[in-house]
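Below, each chain spelled out in residue letters.
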Amino acid sequence: MFGIVRPCRHRLGEGLAAQWMAHLCGLCLALRKDHGQFARIVTNYDGLLISVLTEAQAGKSADGRRTAGPCPLRGMRTASVADGEGARLAAAVSLVLASAKVRDHVADGDGLLARRPVARAARRVAASWGRAGERGGTAVGFDTAVLVDAVDRQVGLEALAGPGTPLLTVTEPTETATAAAFAHTAVLAGRPGNAVPLAEAGRLFGRLAHLLDAVEDQAADAASGAWNPLTATGTSRAEARRLADDALHGIRLALKDVEFTDAKLAPLLLIHELRRSVDRAFGTESCGHARPEGAFGPPQGPYAPPQHPYDANNPFGAQPPQHPGKRGFWAGCAAALGLCCTCKVCCADEFEGPWSRKKREGWCSDCGSCDCSCCEACSCCECCECCSCCDC
């Protein structure tokens, strides 16, 4: 639920970090305003990209921001937050997809959801979120039926998938859903010409989200016997990495064709930070370019995957660490509230994901020094053209 794009605030710089937080808080408060206090639990990093893209095309305006009251995640300070149709669209999409996630947990009988009374309550919550998301989408002119249809098709495709099934067949519903959401930001911003390239960027972002989730969960899914697209289709990590790198390249090309009013935060998140997400999932420190000898094997080409970090010859040992089982829906909700109230999400170097129990980086962790200022100075980070593994 936390998403794959998790930038470090120090790496963004003070100005862009403030913008990023404005969209995160705007999504959270839009959920509360339109759908109730409990709906805030579906706030996620990837959802705020929709709000970011809308503002990046339309530009900042006085009616697109408002001052929010004190919040524990902001150290009990007030702040200027996003308040417009972009945030409302992000809230609607987040609710519909969270509704599908809950239904999936119920169907799998995860944790406490294996108990009938809890499962019935969770189904009611999922149905409520689905209806709320539909209302929210309608309010900003977005038909959430495309999201619901994608989720329903996903279940059928997973049931039919097996060895030899192309992995992109399994990721297609996610691609379709994110393409529709990204494209609608062009409508909200009054930039209809951006709809086609944003749909392409959204399609590839959905592919990446599905791929990275599968890569990160593969070991835990194997231990628990859960379905995993890589394992089910027999797709190697090498092929998964190739598809991920191709998607990153496609997103960069698609964003070149988008007319932005403010082209700093959106490209930075969807180019630089998204590449870091891929590297984090595959256990590499940079993009797929050649790496020095001794770094988990010989140097590799741009699409060659890293040697598996749990190879017997590397310092981590021959066996991967054992991951604890995932939490059920309600236990995860309680854990998420605890993380927010204790500020561990932003202040801890590392914290445990409330549902997946995977290790996550705190917002202020991994803050390596950065001497390159081109991301702040140029409109779409021209350094990406000359160095696709630039650390700025």
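Residues numbered from 1 in each chain as written. Predicted model: local features only at pLDDT ≥ 70, side-chain atom pairs only at ≥ 80, totals over all residues. Heavy atoms only, no water.

## Focus: the overall build of the chain
Quick reminder of the rule: Comment: elements are numbered from the N terminus, with helices defined as DSSP H or I runs of at least four residues and strands as E runs of at least two. The classification of residues rests on relative accessible area computed with a 1.4 Å probe and restricted to protein chains. Under 20% of the type maximum is buried, over 50% is exposed, and intermediate values are partly exposed. We call two residues contacting when some pair of their heavy atoms lies within 4.5 Å.
What the chain contains, in helices and strands, is 15 helices and four strands. Each of the 392 residues in the chain was classed as buried or not, and the buried ones make up 50%. Looking at the chain alone, contacts between residues at least 24 apart form 66% of all its contacts between residues at least 6 apart.

## A closer look at a positive patch on the surface
The condition that has to hold: The patches described consist of residues with a relative accessible area above 30% and no salt bridge, like charges being joined within 9 Å and nonpolar side chains (Val, Leu, Ile, Met, Phe, Trp, Tyr) within 5 Å. Exposure was quantified through the Shrake-Rupley algorithm and a 1.4 Å probe, taking into account, for residues, occlusion by the shown protein chains and nothing else. For this analysis, a salt bridge means a side-chain nitrogen from Lys or Arg found within 4 Å of a carboxyl oxygen belonging to Asp or Glu. When charges are counted, Lys and Arg are positive and Asp and Glu negative, with His and the chain ends excluded. Charged side chains are reduced to one point each, which is NZ for Lys, CZ for Arg, CG for Asp and CD for Glu.
Residues R116, R120, R123 and R124 make up a contiguous surface patch of positive charge. Mapped onto the elements of the fold, R124 is located in helix α5 (residues 116–139).

## Overview of α5
Condition: Under the convention used throughout, the expected extent of a helix is 1.5 Å for every residue step, that is, one less than its residue count.
Between the first and last C-alpha of α5 there are 35 Å, a value that for 24 residues agrees with the 34 Å anticipated at 1.5 Å per step. If you check which residues of α5 are buried, you get A119, A122, V125, A126, W129, A132, G133, G136 and G137.

## Structural notes on the packing of aromatic side chains
Under the convention used in this document: When two rings of Phe, Tyr or Trp (its six-membered ring) have centres within 6.5 Å they constitute a pair, described as stacked for plane angles under 30 degrees, edge-to-face for angles over 60, and tilted for the intermediate range.
Across all of its chains, the model carries three aromatic pairs by this definition. With 5.6 Å between their ring centres and 55 degrees between their planes, W20 and Y45 make a pair best called tilted. Taken as a pair, W20 in helix α2 (residues 14–35) and Y45 in the loop between α2 and α3 (48–58) lie far apart in primary sequence, 25 residues in all. Each member of the pair, W20 as well as Y45, carries the same accessibility label: buried.

## As for the pairing of strand β2 (residues 77–82)
Consecutive residues of a regular strand have side chains that alternate between opposite faces of the sheet. Quick reminder of the rule: Strands are treated as partners if at least two bridges between them are detected by DSSP.
With five bridges joining them, strand β1 (residues 65–71) and β2 adopt antiparallel strand pairing. Paired with T67 across the bridge in β2 is S80. Connecting β1 to the next strand, β2, in antiparallel fashion are five residues, including G75 with a positive phi near 65 degrees.

## Focus: helix α7 (residues 167–188)
This is how the line gets drawn: Throughout, bend refers to the angle between the axes fitted to the seven residues that end at a position and the seven residues that start at it.
For α7, with 22 residues, the first-to-last C-alpha span of 33 Å sits near the 32 Å given by 1.5 Å per residue. Along its length, α7 shows its largest kink, about 35 degrees, at P173. Phi turns positive, to about 70 degrees, at G190, one or two residues after α7.

## Some details on the packing of α3 against helix α11 (residues 265–282)
We count it as follows: Convention adopted: a line fitted to C-alpha atoms gives each axis, helices being fitted over their contacting stretch, and angles between N-to-C directions are expressed from 0 to 180 degrees. Any angle that falls under 35 degrees is termed roughly parallel, while one over 145 is termed roughly antiparallel, one within 65 to 115 roughly perpendicular, and all others oblique. Residues were grouped as follows: Ala, Val, Leu, Ile, Met, Phe, Trp, Tyr, Cys and Pro as nonpolar; Asp, Glu, Lys and Arg as charged; and all remaining residues, including Gly, as polar.
Two numbers describe how α3 lies on α11: the axes approach to 8 Å, and their chain directions differ by 140 degrees. As summarised for this structure, α3 and α11 are arranged oblique, according to the angle between their axes. Residues L49, V52, L53 and A56 of α3 pack against L265, A266, L269 and L270 of α11. Residues of the contact of α3 with α11, tallied by class, amount to eight nonpolar, no polar and no charged.

## Regarding the pattern of salt bridges
Considering all chains together, one arrives at twelve salt bridges under this definition. Put simply, R88 and D34 hold a salt bridge, and the shortest N to O gap is 3.5 Å. Linking R88 in helix α4 (residues 85–108) with D34 in helix α2, this pair joins segments that are 54 residues apart in sequence. The exposure class assigned to D34 is partly exposed, which follows from its relative accessible area of 33%. Here D149 and R153 are joined by a salt bridge, their closest N and O atoms 3.0 Å apart. On the criterion of helical spacing, the pair formed by D149 and R153 is a turn pair, its members being four residues apart in helix α6 (residues 145–160). Since its relative accessible area comes to 40%, D149 is described here as partly exposed. With relative accessibility at 28%, the residue R153 sits in the partly exposed group.

## Notes on the side chain of R241
The cut-off we apply is this: Any pair of N or O atoms that falls within 3.5 Å is considered a polar contact. Within protein, one atom must be able to donate a hydrogen and the other to accept it, and sequence-neighbouring residues count only if both atoms are side-chain atoms.
The topology assignment puts R241 in helix α10 (residues 237–256). Owing to a relative accessible area of 2%, R241 belongs among the buried residues under this scheme. Reaching out from R241, the side chain makes a polar contact with the side chain of D279 at a distance of 3.1 Å.

## Some thoughts on the state of the cysteines
The line we're drawing: Two cysteine sulfurs form what is called a disulfide whenever their separation falls within 2.5 Å.
All chains considered together, the criterion is met by zero disulfides. Unpaired in terms of disulfides, C71 finds its nearest cysteine sulfur in C25, a separation of 6.0 Å.

## Observations concerning the confidence of the model for the chain
To be explicit about the condition: Here pLDDT means the predictor's own confidence in every residue, given as a number from 0 to 100.
Looking at the chain, the pLDDT average stands at 79 and 77% of residues meet or exceed 70. No element of the chain has a lower mean pLDDT than helix α14 (residues 374–377), which averages 38, and none a higher one than α10, which averages 96. Below a pLDDT of 50 lies the segment residues 286–322, which in the model reaches 60 contacts outside its immediate sequence neighbourhood of four places, other chains included. In the model, residues 366–392 has pLDDT below 50 throughout and makes 47 contacts with residues more than four positions away in sequence or in other chains.

## A closer look at the packing of helix α8 (residues 195–224) against α10
Helix-helix packing is described using two parameters, namely the angle between the two axes and the distance between the axes. The condition is simple: Two helices that cross are described as forming a left-handed crossing if the nearer one is turned anticlockwise from the farther one by less than a right angle, and a right-handed crossing if clockwise.
Orientation of α8 relative to α10, taken along the N-to-C sense of each, is 155 degrees, at an axis distance of 9 Å. On the basis of their axis angle, the class for α8 and α10 is roughly antiparallel. As for the relative orientation of α8 and α10, their crossing is left-handed in sense. Between α8 and α10, the contacting residues are P197, L198, E200, A201, L204, F205, R207, L208, L211, V215 and Q218 on the first element and R237, A240, L243, A244, A247, L248, G250, I251, A254 and L255 on the second. The residue makeup of the contact of α8 with α10, split by class, is 16 nonpolar, two polar and three charged.

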